[in-house]
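The primary structure of each chain is shown beneath.
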Amino acid sequence: MSSTRTLISPATLARRRGKAVYWTVFTAVVLLFALAFLFPVYWMVTGATKSPDEVAQTPPTLVPNHWHLSGYTDAWDLMQLPQHLWNTLVQAAGAWAFQLVFCTAAAYALSKLRPAFGKVILGGILATLMVPAQALVVPKYLTVADLPLIHTSLLNDPLAIWLPAVANAFNLYLLKRFFDQLPRDVLEAAEIDGAGKLRILWSVVLPMSRPVLGVVSIFALVAVWQDFLWPLMVFSDTGEQPISVALVQLSQNIQLTVLIAAMVIASIPMVALFLVFQRHIIAGISAGSTKG
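Residues numbered from 1 in each chain as written. Predicted model: local features only at pLDDT ≥ 70, side-chain atom pairs only at ≥ 80, totals over all residues. Heavy atoms only, no water.

Draft legend 1. The arrangement of the pattern of salt bridges in detail. For the coordinates displayed, the defined rule picks out 3 salt bridges. We note a salt bridge from E188 to R184, for which the minimum N-O separation is 3.5 Å. Highlighted residues: E188 and R184, both in helix α10 (residues 184-192), separated by 4 residues, approximately one helical turn. E188 sits in the partly exposed class, given a relative accessible area of 37%. For E191, the salt bridge goes to K197, with nearest N and O atoms at 3.9 Å. The class of K197 is partly exposed, set by a relative accessible area of 42%. (Salt bridge = Lys/Arg side-chain N within 4 Å of Asp/Glu carboxyl O. Helix = DSSP H or I, 4+ residues; strand = E, 2+ residues; numbered from the N terminus. Buried < 20%, exposed > 50% of the residue type's maximum accessible area, 1.4 Å probe, protein only.)

Below, the structure written as structure tokens:
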């Protein structure tokens, strides 16, 4: 049996001094990385509790001299955060639902139904990943401004966010790769029992694909929540704009502390989403990277 070589040998770890040095270095590295990731969050949260003069002073204060929570209440009221957070939630939820339905159906068809010219179609889909997103902005805008065939405008409509979000080649490929790794014996057993293609997808494939569906859901929600350029172009009505656009549009005559508080509030949903579903994210990434 071959032993795995590491920087520290098992014999060194067995000694009291070696074990103490190992755990000291390990703890220091973990604390250093935790500080590097958490300090910007702390700086943003506490920055909203400072006075405008204290935020702008040099050198900056690590801990606020006086805690002012009014920045958060002012941001909630002055910047109309409830309305814009609701707009963002509607746009993100619709984009997530459209992606989950259409990308899952397309990936299942390419993976298990094996249509004619399936590899050519998949190659064409993956080729779109090589096109910069900025190069597609103008064609997308002209399309939603005057929808082909029915000649209607989707500007200031959530459909302008939902429909373009469906064409996500990365999520489709991620789903297809996962479907390729599903045990064929299970699918064949369901087919022998008389299950049709849609029944197999609904009752067999989707329950086995919860990890990757969780990863795709996170990607879909985060992409819409943090997008700025596309919502800025399609939502000229201030009342329909998502939080990412509203923070910029309404920040002209707003104090810096209020703006910082608004950014803190806007980031809470995504942070909470990650903390709740972090196990599913890790499970989905690991499941999609190994042959099962």
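From this point, the discussion proceeds with the structure in view.
Draft legend 2. The arrangement of the nonpolar core in detail. In terms of nonpolar packing, the biggest core is built from 35 residues, with M79, L81, I161, V234, I243 and L247 touching the most fellow members. For this core, the elements supplying multiple residues, two or more each, are α4 (70-78), α5 (81-113), α7 (137-145), α8 (159-166), α12 (210-226), α13 (229-234), α14 (243-249) and α15 (256-289). Among the elements that take part in this core, α15 stands out by supplying 10 residues, more than any other. Grouped together as the second largest cluster of nonpolar side chains are 17 residues, C103, A107, V204 and V205 included. (Core = buried A, V, L, I, M, F, W, Y, C linked by side-chain atoms within 4.5 Å.)

Draft legend 3. Local environment of the side chain of T257. Take T257: it is sitting in helix α15. Classification of T257 by relative accessible area gives buried; the value is 4%.

Draft legend 4. Up close: the side chain of Q241. For Q241, the location among the structural elements is in the loop between α13 and α14. Dropping the residues within four chain positions of it, Q241 is found in contact with H84, N87, F235, S236, A246 and Q249. (Contact = heavy atoms within 4.5 Å.)

Draft legend 5. Representation of the packing of α10 against helix α11 (residues 197-208) in the model. Running from N to C, α10 and α11 cross one another at 145°; their axes reach a closest spacing of 10 Å. Seen along the crossing, α10 lies across α11 with a hand that is right-handed. In this structure, α10 contributes V186, L187, A190 and E191 to the contact, and α11 contributes K197, I200, V204, V205 and M208. (Axes fitted to C-alpha atoms, helices over the stretch in contact; angles between N-to-C directions. Left-handed = near helix turned anticlockwise from the far one by under 90°.)

Draft legend 6. Examining the packing of aromatic side chains more closely. Following the criterion strictly, the structure yields 6 aromatic pairs and no others. A network of ring pairs unites the aromatic residues F39, Y42 and W43 as a single cluster. The lysine or arginine in question, K50, covers the ring of W43, its NZ or CZ lying 4.3 Å from the ring centre. The ring of W230 carries K140 above its face, with NZ or CZ at 4.6 Å from the centroid. (Phe/Tyr/Trp six-rings, centres within 6.5 Å; stacked < 30°, edge-to-face > 60°. Lys NZ or Arg CZ within 6 Å of the ring centre and 35° of its normal.)

Draft legend 7. The arrangement of unusual backbone geometry in detail. A cis amide bond, omega -5°, links T58 with the succeeding residue P59. Take P59: it is sitting in the loop between α3 (52-56) and α4. Phi is positive for R114, which is not a glycine, with a value near 50°. Checked against the element boundaries, R114 lands in the loop between α5 and α6 (118-127). Positive phi, close to 75°, is recorded for L149, a residue that is not glycine. Position of L149 relative to the elements: it lies in the loop between α7 and α8.

Draft legend 8. Spotlight on the environment of W225. Its place among the elements puts W225 in helix α12. What makes W225 buried here is its relative accessible area of 12%. For the pair W225 and S267, spaced 42 residues apart in sequence, the C-alpha to C-alpha distance is 9.3 Å. Contact partners of W225, with chain neighbours within four places excluded, come to L85, T88, L89, A92, I243, S244, A266, P269 and M270.

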